[in-house]
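Observations on the model geometry
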Amino acid sequence: MNLYVNFQGYDFGLIVIADGDYYEPQLLEVQRTKDRALFKAENFRRGKEEKHGNLNLELNKRLGGISWKCSVEGFESIHGIRASIKFIPNGKVILPIPAGVEVELEDEDSFTAPLDFARFVVFECGDKTLWVHAMESPFKPARIWVSRFGDKMILDVLSEELARNRSVSYESPLWVLEEVSGWREAVDKYRIWMERTYDLKPYEKREDIPEWAKKIALYVNVYAHSYTNRIHYTFNEIEEILVELAERFNPENTLIYLAGWDGRIDMTYPDYRPSDEVGGNEGLRRLVDKAHELGFKIMLHFNMWGVDYKSPFYGKFKEHQVRDSEGRPLGWSADHNKDGIREELFAYISPDYDEFRRLLFERISSIIEEFKIDAIHLDQSFAYVNDPKHDVTGGLIRLIKEIKEHFPHLLIEGEGINELTVGVIPIYHVIQSYHGWPRSMKPHPVFKELFNLYSKPVGHMDMDSIAYPKRYRKCQELYDLLDVIPSLGLNAQYPEAVGAGLGEPPPMPSLDSAEALLTFEKARKYLERITCT
């Protein structure tokens, strides 16, 4: 009886996560050939405690690697199976998480990451590249841990059951560890599988994108209300910005993203009415009319699941608040009062709850119809949550399809994408924040190469403003790597480190600044490129 078994040069171990704890199966070899090994376990230990059940593990040799699949039964509620592989040669770890990263660990360092965007990881190990993946549908969450010890690494892979489907039995997907020629081969193979599985269409052939959107070459990010209790620009001031902007780049190829139009960001959901402080209904109507007169398209910011804790809707929908896999309620917090402590701002309500999704649909529809806007942004759409009761991502997909059914010429944008949502979100905000990751983390084009064929990235709502040249140029370096639609940040927000919102905000960034002119030039080159193709 062993905790680890050896196969094709790897030491392979398992734990079963179930019944509120984890258990170590006592593996017994049933059969072994040159290319295949079968193991079973009937006894599981946790310290001195012992449980009985049934586990079957199948290992197979593959060209340049191995595959494994495991099934288990006999517990009250099985959360998943975590496999441990010793050893992988030390090298770079490449992950398809926004906006694509590579990590080269220091000795005795480690990190963990979810595989919620696409279920694979690539290891560049000196003279060879190893690819670990699970290409099975329906999608179930997974997570990896990577630890370095000297010139070797240990890889752990968690295959997790959908929390709402947990039961006395569980079967993992088929996981494969194989050698490939390089990370691009791995991405191409996964992308082809993803395209077939989710029936994806190239961006230029997507039917859920209005034709005008395929010609967008400049994305302009502007706020009315800020995160602080200050106003960046009123609707009248934004009109003036658009008049000036039209003189510098063709409005017909420009999309204007407007956040904070309904009040202080993240603090008014799900009211979605124009803020009186920046111009109210009439101000927004004039702004949209002026934008259309000039030739611009207008996108407004919404949130896919937000309900303010102070809203009367929270009590109505509280029962359907999104929870993590352990049943803990989730919501958004931020330091809005600038005391260094994050405040709870709004709850996440699952869009798969019909009544809440109907409310979102009605509120969004009324704004589209009343103000004739061209596009909407659904914030936090990147999030994948293994909720015990709700199919959160499924609810988001239904919401998008219901909106598109009624407004076929509307463009719908998300904050990030994953393999489940790329088929319904044709344009998305790049996410680029990884707190607590190793210092050796660097951006990598893996995410771009996986998704850009189907959906186009634009600058994030919190992208740096041209008011801060050094930060703006650093941000643009990443956007160039990711082939982002050229994006212009006009928000005059102080860096958080020096007290966002304290004192008077800086003046309107000049559209004749070096940073603005550089972005306009990028937009012209981007337009030439997409026009030629």
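Refer to the structure above for everything that follows.
Residues numbered from 1 in each chain as written. Predicted model: local features only at pLDDT ≥ 70, side-chain atom pairs only at ≥ 80, totals over all residues. Heavy atoms only, no water.

1. Here we look at the packing of aromatic side chains
The description of an aromatic ring pair rests on the distance of the ring centres and on the angle between the ring planes. What the rule picks out here adds up to 23 aromatic pairs. Aromatic pair phenylalanine 120 and tyrosine 190: ring centres 4.9 Å apart, planes at 50°, arrangement tilted. Taken as a pair, phenylalanine 120 in strand S12 (residues 120-125) and tyrosine 190 in helix H1 (residues 183-198) lie far apart in primary sequence, 70 residues in all. Tyrosine 190 carries the same exposure label as phenylalanine 120, and that label is buried. Geometrically, the ring pair formed by tyrosine 428 and phenylalanine 447 is edge-to-face, given 6.3 Å between the ring centres and 70° between the ring planes. One end of the pair, tyrosine 428, is in strand S26 (residues 427-429); the other, phenylalanine 447, is in helix H7 (residues 446-451), with 19 residues separating them in the sequence. Summarising the burial analysis for this pair, tyrosine 428 and phenylalanine 447 share the class buried. The lysine or arginine in question, arginine 471, covers the ring of tyrosine 468, its NZ or CZ lying 5.1 Å from the ring centre. (Phe/Tyr/Trp six-rings, centres within 6.5 Å; stacked < 30°, edge-to-face > 60°. Helix = DSSP H or I, 4+ residues; strand = E, 2+ residues; numbered from the N terminus. Buried < 20%, exposed > 50% of the residue type's maximum accessible area, 1.4 Å probe, protein only. Lys NZ or Arg CZ within 6 Å of the ring centre and 35° of its normal.)

2. Some details on helix H9 (residues 514-532)
Its 19 residues give H9 an end-to-end C-alpha distance of 27 Å, which sits within 8% of 27 Å, the value for a rise of 1.5 Å per residue. Along H9, the residues classified as buried are Glu515, Ala516, Thr519, Phe520, Lys522, Ala523, Tyr526 and Leu527. Down the axis of H9, the sector holding all buried residues measures 160°, keeping them to one side. Those residues of H9 that are exposed and aimed more than 90 degrees away from the buried face are Lys525, Glu528 and Cys532. On the buried face of H9, the contacting elements are strand S18 (218-223), helix H2 (235-246), strand S28 (456-458), helix H8 (469-481) and strand S29 (487-489). (Expected span 1.5 Å × (residues − 1). Arc of directions from axis to C-beta. Contact = heavy atoms within 4.5 Å.)

3. Re the pattern of salt bridges
What the rule picks out here adds up to 38 salt bridges. The salt bridge partner of aspartate 19 is lysine 51, with a shortest N-O separation of 2.7 Å. Linking aspartate 19 in the loop between strand S2 (10-18) and strand S3 (21-25) with lysine 51 in strand S6 (residues 49-62), this pair joins segments that are 32 residues apart in sequence. Among the residues examined, lysine 51 registers a relative accessible area of 21% and is labelled partly exposed. Residues arginine 32 and glutamate 29 are paired through a salt bridge, measuring 3.1 Å at the closest nitrogen-oxygen approach. A residue is classified by how much of its surface remains accessible, and arginine 32, at 38% relative accessible area, is partly exposed. Here the salt bridges share partners, and the residues they tie into one network are Glu244, Glu247, Arg248 and Asp512. (Salt bridge = Lys/Arg side-chain N within 4 Å of Asp/Glu carboxyl O.)

4. Side note on the sheet that holds S28
Strand order across the open sheet formed by eight strands is S28-S26-S25-S24-S20-S19-S18-S29, with parallel pairing between neighbours. The two strands at the open ends of the sheet, each matched to only one other strand, are S28 and S29. Adjacent strand axes in the sheet meet at a mean angle of 25° when their direction is disregarded. Pairing of S18 with strand S19 (residues 254-259) involves six bridges; the strand directions are parallel. (Pairing = 2+ DSSP bridges. Axes fitted to C-alpha atoms, helices over the stretch in contact; angles between N-to-C directions.)

5. Some details on the nonpolar core
Formed by 172 residues in total, the largest nonpolar core has its most connected members in Trp68, Phe123 and Leu488. For this core, the leading source of residues is helix H5 (residues 354-371), giving eight residues. Those residues within four positions of phenylalanine 123 in sequence are excluded, and the remaining contacts are Ile88, Lys92, Val93, Lys128, Thr129, Leu130, Val132, Val146, Met153 and Leu155. (Core = buried A, V, L, I, M, F, W, Y, C linked by side-chain atoms within 4.5 Å.)

6. Points about unusual backbone geometry
Between lysine 86 and the following residue, phenylalanine 87, the backbone shows a cis peptide bond with an omega angle of 0°. One can find phenylalanine 87 in strand S8 (residues 78-89). Proline 270 follows tyrosine 269 through a cis peptide bond whose omega is 0°. If you trace the backbone, proline 270 turns up in the loop between S19 and helix H3 (280-294). You will see that glutamate 108, though not glycine, has its phi angle at about 70°, which is positive. When you line up the elements, glutamate 108 lands in the loop between strand S10 (101-103) and strand S11 (110-114).

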